[in-house]
Amino acid sequence: MPAVHHKLLLEDALQDSPQTRSLLSVFEEDAGMLTDYTNQLLQSMQRVFGAQSEMGLATEQLSKQLLEYEKKNFALGKGDEEVITTLQSFAKTVVELNSLHSTLANQMADSMVFPLIQFREKDLTEISTLKEIFGIATDEHEATMVKYSRLPKKKENEKLKTDLVKEVAYTRRKQHQASLQYYCALNALQYRKRVAMLEPMLGYTQAQISFFKKGIELVSKKMDNFLSSVSTMTQSIQAQLDTEAEAMRASQRELLSVEDTVYMPDKDTEPVNRTLIQKAGYLNIRNKIGLVTTAWDRLFFFTQGGNLMCQPRGAVAGGMVLDLDNSSVMAVECEDRRYCFQITSPSGKTSMILQAESKKEYEEWICTVNNISRQIYLTENPEAVAIRLNQSAIQAVTPITSFEKRQEGSPNPDRAKPGGVNAGSRGSLKTGAAPEPEDLIAPGTPIQFDIMLPASEFQDQNRAGGRRTNPFGETDDDCSTESDDSLLQQVFAVRFLGSMAVRCGDNQEVIYEAMRQVLAARAIHNIFRTTESHLMVTSSSLRLIDPQTQVTRISFQLGEVCQFAAHQENGRLMGFVVEGRDWSDGDEEGEPSFSAFVFESNTEGEKICYTISLAKDITEAKKDPEALAQLMKKMPLTNDGQFLLLEPETDDITNGAGQEDLESEA
């Protein structure tokens, strides 16, 4: 007889996930069908037993009636002696048969009807009772969790929190105990129902065989062998039931021997795992009811590939809630609740606010969504990639000893050169030992992640009456002078990642170190949202323009740009160093100060570096008319002969969405 393969895992009772509930519903449906079938089978067996009992009464009545024939004294009864004797013999035989039928009826009652009644009243009734207890415990736990979820964060009452934590632990333990008993009973039912179906028929058949053996003194060896095999099978199932019941009892004792912290929320002892690419668990989701009213529902969420799924209790499968690819996640303050975070789609049109049960769950959910948004799950070994990215983020905020180690792993160390672009920088790399990070950027230097235009400047640039802003961010009055002075105007779609003060401007390593620290800070602080701008490169300046309002966010004279380079591995990253003056010490000339700006472009950063290098060449060539003429002969011009004709960047800006969507390391 094959063993029972389908059973409820006792280890899943504490988590009480929808998958376990779905499997539990299958067992409950099976138990309900078994109850209906048992009632119908019992009715049929009781009918057979009633018929057999009626047969005994009928044969007893028949034997009496046969004996009554002699007592009738029929007037024409002479010659009936043989009939009377025969009837008396028949009556005696019927009495003997009556005793056999009575014995058969008693055997049916003991071995067929009673076991099935006992199975229905004991096992099936126990399942029904445990189901009610489990439902009550579940409702109490849900009610307690609702009270616990409403626990305020700002005005925290330690006594109230302690009482609620104890209440949650009590109801959770109660639900756990009820579920373990319920699961054990349902698992045992899979064995007991087999015995319950076989044992009555075994008793019925054995009673009939015994009846016929006594009646005709004939033994069928074939039937004996069959009954023997059925009896052996029943004993084997009973032995399996005993073994499984002992194992379940031992497992139940082990699971119930855990500490109380297992049942207490926000008492996690394990560290936060920041490399997860899959996550599942209960979260509270904020839903709007009407215009101002909100409600929080506790649902089971899990990730599947790049999707966030939700599965309500009782549902067979989960449904997709949000596509997490390129999405953003951040911690939020919401309705004075703890551990709330918000997930926003890449378009920004769809967002949801969720609440975790504990701080560990809260941090792991944020890290998991971040990992999935980077599409790590699409790689061949996503676990290893997640671990490596996490280690890189940790190492990124720890100064390394030498840049030589990083450059040794660079697959293309000359990539930042515009067909050699790096040669266009003012400074050159020193051939000596590589500088230390502390020599390039002071430890603890603050990082600015966005360029905010002051309100006064915004009003000045958009003040009505007189000057109108053109697509290049220039006014009409400026265009007449700038067009004569600027032979080069090229626009690139970029996203500003960050800027910070640096200690030197004569070394490209300072740009690489600034990139590393900006990207690491964004990864650690979960800052992934950036604003797109247009970077205009002319022969006299660099300007960052808002594409919506055409307002210049910030501008630099080309002479102030002392270093520029593209990232050695990620070609979409580029940066430059701007030199300024610091008069805080009272020096008339001012001390030189340097700031590094890091950008991500839709195209290769080498193109931007090449354009800046070309702009510097034009600036130098303006000092010598002959050199400028030679340079202009080598460069293609626009139809009007006023500007240099470079590769059409407008295609990159307008069709940027059609290119391969390379994700920023930020």
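Preceding this paragraph is the structure being described.
This text gives an overview of the structure that appears in the document. (Residues numbered from 1 in each chain as written. Predicted model: local features only at pLDDT ≥ 70, side-chain atom pairs only at ≥ 80, totals over all residues. Heavy atoms only, no water.)

Here's the deal with the sheet that holds strand 6 (residues 340-344)
Reading across the sheet, the seven strands line up as 4-3-2-1-7-6-5 and stay open at both edges, with antiparallel pairing between neighbours. The sheet is open, and its two edges are formed by strand 4 (319-323) and strand 5 (328-331), each paired on a single side. Averaged over all pairs of adjacent strands, the angle between their axes in this sheet comes to 40°, without regard to strand direction. Looking at chain direction, strand 1 (residues 280-289) and strand 2 (residues 293-304) are connected through 10 bridges and run antiparallel. Within the sheet, the bridge partner assigned to Arg286 lies in strand 2 and is Trp296. (Pairing = 2+ DSSP bridges. Helix = DSSP H or I, 4+ residues; strand = E, 2+ residues; numbered from the N terminus. Axes fitted to C-alpha atoms, helices over the stretch in contact; angles between N-to-C directions.)

Thoughts on the pattern of salt bridges
Pairing between side chains becomes possible if they bear opposite charge and their charged atoms approach one another. Summed over the entire model, instances satisfying the criterion amount to 25 salt bridges. A salt bridge links Glu140 to Lys174; the shortest N-O distance between them is 2.9 Å. Taken together, the residues Glu140 in helix 2 (residues 81-149) and Lys174 in helix 3 (residues 158-216) connect sequence positions 34 residues apart. Residues participating in the shared-partner salt-bridge network are Asp16, Arg21, Glu142, Arg172, Arg298, Arg313 and Glu357. (Salt bridge = Lys/Arg side-chain N within 4 Å of Asp/Glu carboxyl O.)

Considering the packing of aromatic side chains
Counted by the stated rule, this structure contains 13 aromatic pairs. Ring centres of Phe134 and Tyr182 lie 5.6 Å apart, and the angle between their planes is 35°; this geometry places the pair in the tilted category. On the criterion of sequence distance, the pair formed by Phe134 in helix 2 and Tyr182 in helix 3 is long-range, its members being 48 residues apart. For the residue pair Phe134 and Tyr182, the accessibility class agrees, reading buried in each case. Pairwise contacts between aromatic rings join Phe496, Phe556, Phe576, Phe597 and Phe599 into one cluster. (Phe/Tyr/Trp six-rings, centres within 6.5 Å; stacked < 30°, edge-to-face > 60°. Buried < 20%, exposed > 50% of the residue type's maximum accessible area, 1.4 Å probe, protein only.)

With respect to the nonpolar core
Soluble globular proteins tend to bury their nonpolar side chains together. Core analysis: the largest hydrophobic core is formed by 25 residues, its most contacted members being Phe576, Phe599 and Ile612. Looking at this core, the elements with two or more residues in it are strand 8 (489-502), strand 9 (532-538), strand 10 (541-545), strand 12 (561-566), strand 13 (573-582), strand 14 (591-601) and helix 12 (605-621). Here this core takes six residues from helix 12, the largest share from any one element. Ignoring sequence-local partners within four residues, the contact set of Ile612 consists of Val537, Leu542, Leu558, Phe564 and Met574. With 23 residues, the next largest nonpolar core counts Leu8, Ala178, Leu186 and Ala196 among its residues. (Core = buried A, V, L, I, M, F, W, Y, C linked by side-chain atoms within 4.5 Å. Contact = heavy atoms within 4.5 Å.)

Some thoughts on the environment of Asp297
Within the secondary structure, Asp297 is located in strand 2. Between the alpha carbons of Asp297 and Arg286 there is a distance of 6.8 Å; along the sequence they are 11 residues apart. The contacts of Asp297, once residues within four sequence positions are left out, are Leu283, Asn284, Ile285 and Asn287. A polar side-chain atom of Asp297 sits 2.7 Å from a polar atom in the side chain of Asn287. (Polar contact = N/O pair within 3.5 Å; in protein donor to acceptor, adjacent residues only side chain to side chain.)

What to know about the pairing of strand 13
Here strand 12 pairs with strand 13 via five bridges, running antiparallel. Within strand 13, the residue paired with Gln563 across the bridge is Val577. Counted between consecutive antiparallel strands, the loop separating strand 12 from strand 13 contains six residues. By the bridge criterion, 10 bridges tie strand 13 to strand 14 in an arrangement that is antiparallel. The residue bridging Met574 from the neighbouring strand is Phe599, located in strand 14.

So, the sheet that holds strand 14
Across the sheet, seven strands lie side by side as 11-10-9-8-14-13-12; this open sheet has antiparallel pairing. A strand with exactly one partner marks an edge of an open sheet, and here the two such strands are strand 11 (552-557) and strand 12. Neighbour to neighbour, the strand axes of the sheet diverge by 30° on average, direction disregarded. Relative to strand 11, strand 10 runs antiparallel, the two sharing five bridges. Across the sheet, the residue bridging to Arg543 is Ser555, located in strand 11. Docked against the sheet, helix 11 (residues 509-524) engages strand 8, strand 12, strand 13 and strand 14, running at close to 80° with respect to strand 8. Packed on one face of the sheet, helix 12 meets strand 8, strand 9, strand 10, strand 12, strand 13 and strand 14 and runs near 150° to strand 12.

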